[in-house]
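Working through the structure, step by step
Listed below are the residues making up each chain.
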Amino acid sequence: MTTCPEAEDPHWLDPAERAAWLALTGILFRLPSALDSQMQRVAGLSNFEYLVLAMLSETPTQTLRMSQLAVISNGSLSRLSHVVARLERQGYVRREQGPADGRSINAVLTDEGLAKVVATAPGHVNYVRHLVFDGLTEEQVASLEQIGRSILERIDPGAPFDPAAVARLAP
């Protein structure tokens with residue numbers, strides 16, 4: 001039986017690890033806020049709302065089961081349900097029963113939702129490029145992906161975060 005890492009005697013961070021940790025926590029706190037501010041300013045959406053619309057737009061049928069969309073957007077079903085309700089009121093998404101078993105609920109991107117994504121995507125990608133990628137070399141981008149995947153694997157072993165793989169399972 002393995003013990004919980006929090007219960008073990010601490011193995012303190014060395015100076016390099018501490019500096020890396022503080023840089024990462026700065027990103028974790030500041031990047032979402034910066035993305036939300038930009039998205040609210042240019043599109044009247046939260047970054048999470050935009051992500052939901054964008055992920056639906058990338059599927060062949062512009063449809064995903066709510067449970068799949070929760071995985072892709074890295075949100076809980078409860079949070080996603082509230083967000084999809086707001087997006088429904090705006091005319092960007094509709095919910096419908098899944099055809100396979102009648103128990104699942106699908107989120108479907110409407111024409112208005114697709115138009116919103118198409119109008120919003122260029123400014124969003126330019127802002128992401130400005131904040132994240134313009135300051136990195138090709139090698140750093142590759143390292144960032146590897147580092148991100150390594151950390152995600154530690155957070156959720158055996159369940160790699162791969163939105164593209166989940167999207168291929170679209171109904």
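The rules we used
- Residues numbered from 1 in each chain as written.
- Predicted model: local features only at pLDDT ≥ 70, side-chain atom pairs only at ≥ 80, totals over all residues.
- Heavy atoms only, no water.
- Helix = DSSP H or I, 4+ residues; strand = E, 2+ residues; numbered from the N terminus.
- Buried < 20%, exposed > 50% of the residue type's maximum accessible area, 1.4 Å probe, protein only.
- Contact = heavy atoms within 4.5 Å.
- Areas by Shrake-Rupley, 256 points an atom, 1.4 Å probe, with all protein chains shown as cover.
- Expected span 1.5 Å × (residues − 1).
- Bend = angle between axes of the 7 residues up to and from the residue.
- Pairing = 2+ DSSP bridges.
- Axes fitted to C-alpha atoms, helices over the stretch in contact; angles between N-to-C directions.
- Patch = residues over 30% accessible without salt bridge, like charges linked within 9 Å, V, L, I, M, F, W, Y side chains within 5 Å.
- Salt bridge = Lys/Arg side-chain N within 4 Å of Asp/Glu carboxyl O.
- pLDDT = per-residue confidence, 0-100.
- Parallel < 35°, antiparallel > 145°, perpendicular 65-115°, else oblique.
- Nonpolar A, V, L, I, M, F, W, Y, C, P; charged D, E, K, R; others polar.

Considering the overall build of the protein chain
A count of helical and extended segments in the protein chain gives seven helices and three strands. In sequence order, the secondary structure elements of the protein chain are arranged as α-α-β-α-α-β-β-α-α-α. Residues counted as buried form 27% of the 171 residues belonging to the protein chain. Across the protein chain, every contact between residues at least 6 apart in sequence was considered, and the portion connecting residues at least 24 apart equals 56%. On the protein chain, roughly 11,600 Å² of surface is accessible, and the fraction owed to carbon and sulfur atoms is 58%.

So, helix α4 (residues 77-89)
The terminal C-alpha atoms of α4 lie 18 Å apart, and with 13 residues this matches the ideal 18 Å at 1.5 Å per residue to within 8%. Taken together, the buried positions of α4 are L80, V83, V84, A85 and L87. Buried positions along α4 lie against α2 (47-57), α3 (66-73) and β2 (93-97). G91, located one to two residues past α4, shows a positive phi value of around 85 degrees.

A look at helix α5 (residues 111-133)
With 23 residues, α5 ought to run about 33 Å at 1.5 Å a step, and its terminal C-alpha atoms sit 31 Å apart, in line with that. At A121, α5 shows its largest kink, close to 40 degrees, and the proline P122 lies no more than four residues downstream. Looking only at α5, the buried set comprises G113, K116, V117, T120 and H124. Of the surrounding secondary structure, the elements contacted by the buried residues of α5 are α1 (15-43), α2 and β3 (105-109).

Some details on the sheet that holds β3
Taken in spatial order, the three strands line up as β1-β3-β2 in an open sheet, and their pairing is antiparallel. Strands with a single pairing partner mark the edges of an open sheet, and in this sheet they are β1 (63-65) and β2. Pairwise comparison of adjacent strand axes, ignoring direction, gives a mean angle of 25 degrees for this sheet. Looking at chain direction, β1 and β3 are connected through three bridges and run antiparallel. When the sheet's bridge partners are listed, T63 is paired in β3 with V108. Sitting on the sheet, α3 touches β1, β2 and β3, and the angle it makes with β1 is about 95 degrees.

Some remarks on a nonpolar patch on the surface
On the surface, F133, L136, V141 and L144 cluster together into a nonpolar patch covering about 280 Å² of accessible area. Residue placement: F133 occurs in helix α5. By relative accessible area, F133 is classed as partly exposed at 32%.

Considering the confidence of the model for the protein chain
Looking at the protein chain as a whole, its pLDDT mean stands at 90, while 89% of the residues score no less than 70. Mean pLDDT values over the elements of the protein chain span from 58, in helix α7 (residues 163-167), up to 97, in α5.

Observations concerning the side chain of Q38
Within the secondary structure, Q38 sits in helix α1. The exposure class of Q38 is buried, given its relative accessible area of 4%. Not counting residues within four places of it along the chain, the set of residues in contact with Q38 comprises G123, H124 and Y127.

Regarding the packing of α3 against α4
It is the contact of α3 with α4, at a shortest axis distance of 9 Å, that shows an interaxial angle of 105 degrees. The angle between the axes of α3 and α4 places the two elements in the roughly perpendicular class. Contacts between α3 and α4 pair M66, S67, L69, A70 and S73 from the former with L77, L80, S81 and V84 from the latter. Of the residues assigned to the contact of α3 with α4, the class counts are six nonpolar, three polar and no charged.

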